[in-house]
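Structure assessment
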Amino acid sequence: MSTYCWQGKMESATEWTCVAKTRAELYDRVEKAMRAVHAYAEPEIVALPIIAGSQSYLAWIAAETTAG
């Protein structure tokens, strides 16, 4: 359950967290897809930098998000 202020009122709602693993240059496409299916007027869509990670995992992300 999340509690937040929206349009001057305190609101509570059940929310889900969705994690999309991709490359920074694909962010705009991911945001557009999420907004197309999300019910909120202002969904939380944020990008976080990867500051470290196993090389094999980062290679997997790169391979899976590259058209082939």
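Here, every reference points to the structure presented above.
Quick summary incoming for the structure in this document. Residue indices begin from 1 for each chain and proceed along its sequence in written order. Local features in a predicted model are, by the rule used here, given only for residues with pLDDT of at least 70; side-chain atom pairs are given and counted only at 80 or more, and totals for whole chains, interfaces and linings are based on all residues. Working from all heavy atoms in the structure, the side-chain values ignore hydrogens and water.

Secondary structure elements are defined from DSSP: runs of H or I of at least 4 residues count as helices, runs of E of at least 2 residues count as strands, and each element is numbered from the N terminus. Helix and strand counts for the protein come out as two helices and two strands. Counting from the amino terminus, the protein carries its helices and strands in the arrangement β-β-α-α. Restricting the calculation to C-alpha atoms gives the radius of gyration, and the globule rule supplies 2.2 Å times the number of residues raised to the power 0.38. The C-alpha atoms of the protein give a radius of gyration of 16 Å, which is well past the 11 Å a tight globule of 68 residues would have. Seen along its three principal axes, the alpha-carbon backbone of the protein occupies a region of about 45 × 25 × 15 Å. Every residue pair with non-hydrogen atoms within 4.5 Å of one another is taken to be in contact. A separation of at least 24 residues holds for 35% of the contacts in the protein among residues at least 6 apart in sequence. Only the protein chains shown count as cover for residues, and the accessible areas themselves come from Shrake-Rupley with a 1.4 Å probe. On the protein, roughly 6100 Å² of surface is accessible, and the fraction owed to carbon and sulfur atoms is 58%. We treat Lys and Arg as the positive residues and Asp and Glu as the negative residues; His and chain ends play no part in the count. Lysine's charge is taken at NZ, arginine's at CZ, aspartate's at CG and glutamate's at CD. Of the charged side chains in the protein, 6 are positive and 8 negative; the average position of the first set lies 5 Å away from that of the second.

The next point concerns the packing of aromatic side chains. Think of it this way: a Phe, Tyr or Trp ring, Trp meaning its six-membered ring, pairs with another when their centres are within 6.5 Å, and the plane angle makes it stacked under 30 degrees, edge-to-face over 60, tilted otherwise. Scanning all chains against the criterion turns up two aromatic pairs. Ring geometry for tyrosine 4 and tyrosine 40: centres 6.4 Å apart, planes at 45°, overall tilted. Of this pair, tyrosine 4 sits in strand β1 (residues 2-6) while tyrosine 40 sits in the loop between α1 (27-37) and α2 (55-64), placing them 36 residues apart in sequence. Here tyrosine 4 falls in the partly exposed class, since its relative accessible area comes to 25%. Relative accessibility decides the category of a residue: with a 1.4 Å probe and only protein chains considered, values under 20% of the type maximum give buried, values over 50% give exposed, and everything between is partly exposed.

Paired strands, in this sense, are two strands between which DSSP finds at least two bridges. In this sheet, strand β2 (residues 9-13) lies alongside β1 in antiparallel orientation, the contact comprising five bridges. Residue pairing for β2: cysteine 5 is matched across the bridge by methionine 10. Between β1 and β2, which pair antiparallel and follow one another directly, the connecting turn spans two residues, one of which, glutamine 7, has a positive phi of 55°.

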